[in-house]
4 protein chains.
Amino acid sequence: MNDIQSENDDRRIGIDKVGVRSVRYPIIVSDRASETQSTVATLDITVDLPHHHRGTHMSRFLEVLSRFHRETFIDKLPEFLAEVRRALDADRAFVHISFPYFIRKTAPVSGSKSLQVYDCWFDAALGDGYELRIGVDVPVTTLCPCSREISERGAHNQRSQVRVELCYERFIWLEEIIETVESCASCELWPLLKREDERWVTEHAYDNPRFVEDIVREVTLRLQADERIRSFVVESENMESIHSHNAYARKAWVRGPGGADD
Amino acid sequence: MNDIQSENDDRRIGIDKVGVRSVRYPIIVSDRASETQSTVATLDITVDLPHHHRGTHMSRFLEVLSRFHRETFIDKLPEFLAEVRRALDADRAFVHISFPYFIRKTAPVSGSKSLQVYDCWFDAALGDGYELRIGVDVPVTTLCPCSREISERGAHNQRSQVRVELCYERFIWLEEIIETVESCASCELWPLLKREDERWVTEHAYDNPRFVEDIVREVTLRLQADERIRSFVVESENMESIHSHNAYARKAWVRGPGGADD
Amino acid sequence: MNDIQSENDDRRIGIDKVGVRSVRYPIIVSDRASETQSTVATLDITVDLPHHHRGTHMSRFLEVLSRFHRETFIDKLPEFLAEVRRALDADRAFVHISFPYFIRKTAPVSGSKSLQVYDCWFDAALGDGYELRIGVDVPVTTLCPCSREISERGAHNQRSQVRVELCYERFIWLEEIIETVESCASCELWPLLKREDERWVTEHAYDNPRFVEDIVREVTLRLQADERIRSFVVESENMESIHSHNAYARKAWVRGPGGADD
Amino acid sequence: MNDIQSENDDRRIGIDKVGVRSVRYPIIVSDRASETQSTVATLDITVDLPHHHRGTHMSRFLEVLSRFHRETFIDKLPEFLAEVRRALDADRAFVHISFPYFIRKTAPVSGSKSLQVYDCWFDAALGDGYELRIGVDVPVTTLCPCSREISERGAHNQRSQVRVELCYERFIWLEEIIETVESCASCELWPLLKREDERWVTEHAYDNPRFVEDIVREVTLRLQADERIRSFVVESENMESIHSHNAYARKAWVRGPGGADD
């Protein structure tokens, strides 16, 4: 059978990325509290394609993935990408892995235990060097400072999503990023809250009003202060309780040569 | 060319519904305030298929739709379905049309004007008789009665979605259903709120706490009292500000022979 | 602290379902090939609420879930629902659990192994009796019989989704339903196909053309012949390669007293 | 009432973007064939926020939008952004507008008319200068060259999505981008195809096999040859009929000083 993909291509156009997308596969990730955690990932795996090749061999992405998914995958991303690059005969290999990640949380007053889900992702590239960005969506409560200030009673509040994506110099746990974000919100969330907890979170949010701008600034201050972090993007989005649209803020930051804001 | 779809089928299995799904088309709908409104619909159009036919002729659904979409479509659903049924040589024809619908709203204090979107749908069937169900998702604010009662300050609140689907004996405007739902919530939403409006909605929500159960019961009472309505389903879902999951309630109701709860 | 939820309600309106929605939690499911499989579920858990209670106690749903999720959950749904019903002091309890489920597949010629994902769900209710519906979305290839017949070369084909939801009298594995559906399509899917496999699936699909109507009828014949099955709904939806809308067919069936079509 | 948003902020952190997201509003767009077209947009509107201001005034985004939406919006984006920037007292203003856009198509043999939907977007920024990127998702058919070559009969094919986003020096119609993309695919799509058309599209796709890589390269060649275009990104994604994951390719390009590939 002819190998059409290996045919010469004379259009002289190299392709930045080619591969498979929205592949769902079970994976194992490292977990600070309990060593490992089984979860289900969605993966995009791609390589570059030089101008003289007509096509890539899509099945090889799955072959490599099938060999790696039973291990603690994330810890071996450089090996995984090296293997993809080798199998596809490419210069650069890329992978984006997103997955739900669960952390056991303890309610603030009752001490009730439950598992909170966080949508996380790893975005890695292997070319001349290796680059990794890790990200997480952290759901929190925000309570509007303006609404609290101008109203005689109550204050509008809502579920918000805070997204952080960062590059680090030295290893950082997802749990650390999540704790940082949660400490910057009006209140963090728990799946299981008894009545005494609900009172605590209501009053705690009321006592810590935050705009989307505040969340972004507070997270920025904390992440800038962490010398392991080289760059980040933080976004905050409120599912406003008083509107059917959302409020949004975003900041990107890169550590300068002397550690300054870029 | 052979007409494979018209071939005989000897498996003796009639099909309930066959047709096209997720067709997007511009449509015109009647609007209580300004006669007509242009919007973009997603349509599923189907017919039944007797056991002796192998397949239906999918292109005919689009032919009929192309003839009807420029008129005030919804007012002509019985004609549209009769035409679908005729074109497909079927006994029954069905259509589900969903579309965003805009209503001009006036902020409660400042009087500022803006357009609020509502996701609406019409679900119609023509067989021995004609049946129509109309539905709408109404976004509102709910403020938790428990949180307010047990807390010294504040109360958690959030954006909620109230879904109503109903059958009527006599014509009801979507606007009427929307107003009914909004009057049952802790507060209705406006896209554009000035500071004096934000104060009003904050205090109004605080003064009208509602569980998802309360929303469902209040809407139920109003719809039961409207003699034009034959049956309905009401659902309320809070995007809880203190959890990353939702709170939910649902009630279905059919008017009995003497008008009683069924 | 007052228990607002337990207050009397004098609106005299019982609520069909009230509870939590879109809860994400890790679960363990039974797996025909390897005993158990870890996956991530999305759950809706509800109970009925008598007319004289104002509200339900949402935290208890999470408490019960937190106790059950580490076991092979699905095998214990009656116990789980009994526990929910007891904890919420209700007459009826309901749960809808959806989750990705992975099956190891072997490519038809090369014998290459890979994991195929299927979106599955369990829908259970405990009232006077216990009812369970299980469902699965099976992605397959369909090749159009009309296109093949009328064209001199080629035939349009596409990815399709076949959805089956059924009630059984005696236990049926998800794997059995999936195999049934896959045997009715133009071709089943594999994540990993080498060139010799790709040839096989191309020719196999060309040799087995199927309309959405054919899929529904073939699946219907197989499921009717399985005496363990009491009722089912089968739906087939083609992401047509020649249109940006889908083709769709649906059939519902209930076994009659003597086993006949209802 | 205090204006909390206007308070001084001493955290010394400027914010890149702050504003409203997922606002749905009816808009009017220019249409090459019939002057204007009414559609429904989803908008994100943001500004930068200097470090010394605590918050932005979210209602003003909606005020400006409410004044502009009844005109042919897209033609006035620089004015719209200037007005947003003025109302929010900002240095930079940004808007992302996405909307379904309909084009009347004529089937290749029968000449039947129908409306094909395309998801389009405009992404504009006003700072020191004005920048505009326009984008469109074009659904097409792709037929696999490898499958055709190695198989004795048939060839797998599928619906694909080709995404183009570009910056131009001189005005380009969305219709022109769409026609370019459609001419590079195995076949373009029509909502309404009679049997003679279905034969034509089946054979046309068979005669024009394309990998995702081919689509990207063909579109690249055409867009590079159009001197009005300054830069573009083209992506192609196949909803593979033989897999439940997708095949994907991507290329970004910027015209060099002398017009060369950058």
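So, here's what we can say about the structure. Nothing here was measured: the structure is a model prediction, and the numbers come from that model.

Quick look at the nonpolar core
By size, the foremost hydrophobic cluster in this structure holds 138 residues, and its most contacted members are Phe80 and Phe99 of chain B together with Phe80 and Phe99 of chain C. Counting residues in each nonpolar core, the second largest holds 137 residues, with Phe61 and Leu77 of chain A together with Ala90 and Ile229 of chain D among its members.

Some points on the relation of the copies chain C and chain B
Between the two copies, chain C and chain B, the superposition gives an RMSD of 0.0 Å; the rotation angle is 180 degrees and the shift along the axis is 0.0 Å. The superposition of one copy onto the other is thereby described by a two-fold rotation axis. When the interface residues of chain C are mapped onto chain B, 100% of them are again interface residues, pointing to one common binding face.

Overview of the interface of chain D and chain A
Listed per partner, the contact involves 52 residues of chain D and 52 residues of chain A. Of the roughly 4,300 Å² buried at the junction of chain D and chain A (both faces included), carbon and sulfur atoms supply 55%. The closest approach of N and O atoms between Glu237 of chain D and Arg21 of chain A, which form a salt bridge, is 2.8 Å. Our count for the chain D to chain A interface comes out at 36 residue pairs in polar contact (both at pLDDT 80 or more). Among the secondary structure elements, those contributing two or more residues to the side of chain D that touches chain A are β1 (15-31), β2 (35-49), α3 (145-150), α6 (212-225), β8 (229-238) and β9 (246-254) of chain D. Looking at which element gives the most residues to the side of chain D that touches chain A, the answer is β1 of chain D, with nine residues. One ladder, built from five bridges, connects strand β1 (residues 15-31) of chain A with β9 of chain D; its direction is antiparallel. Looking across to β9 of chain D, one finds that Arg21 of chain A is bridged to Asn246 of chain D.

Re the environment of Val162 of chain D
Residues and elements named next belong to chain D. Relative to the helices and strands, Val162 is located in strand β6 (residues 157-168). For the pair Val162 and Pro191, spaced 29 residues apart in sequence, the C-alpha separation works out to 17 Å. Look past the residues within four positions of Val162 in its chain and what remains in contact with it is Val136, Asp137, Val138, Val140, Val181, Ile215, Val234, Glu235 and Ser236.

Digging into the side chain of Glu182 of chain B
All names here are of chain B. Examined against the element boundaries, Glu182 turns out to sit in helix α4 (residues 174-184). A distance of 2.5 Å separates a polar atom in the side chain of Glu182 from a polar atom in the side chain of Tyr118. Not counting the four nearest positions on each side in its chain, Glu182 is found in contact with Lys105, Tyr118, Val138, Val140 and Glu188.

Analysis parameters
- Residues numbered from 1 in each chain as written.
- Chains lettered and ligands numbered in written order.
- Predicted model: local features only at pLDDT ≥ 70, side-chain atom pairs only at ≥ 80, totals over all residues.
- Heavy atoms only, no water.
- Core = buried A, V, L, I, M, F, W, Y, C linked by side-chain atoms within 4.5 Å.
- Buried < 20%, exposed > 50% of the residue type's maximum accessible area, 1.4 Å probe, protein only.
- Least-squares fit on C-alpha atoms with pLDDT ≥ 70 in both.
- Contact = heavy atoms within 4.5 Å.
- Buried area = accessible area lost by both parts, 1.4 Å probe.
- Salt bridge = Lys/Arg side-chain N within 4 Å of Asp/Glu carboxyl O.
- Polar contact = N/O pair within 3.5 Å; in protein donor to acceptor, adjacent residues only side chain to side chain.
- Helix = DSSP H or I, 4+ residues; strand = E, 2+ residues; numbered from the N terminus.
- Pairing = 2+ DSSP bridges.

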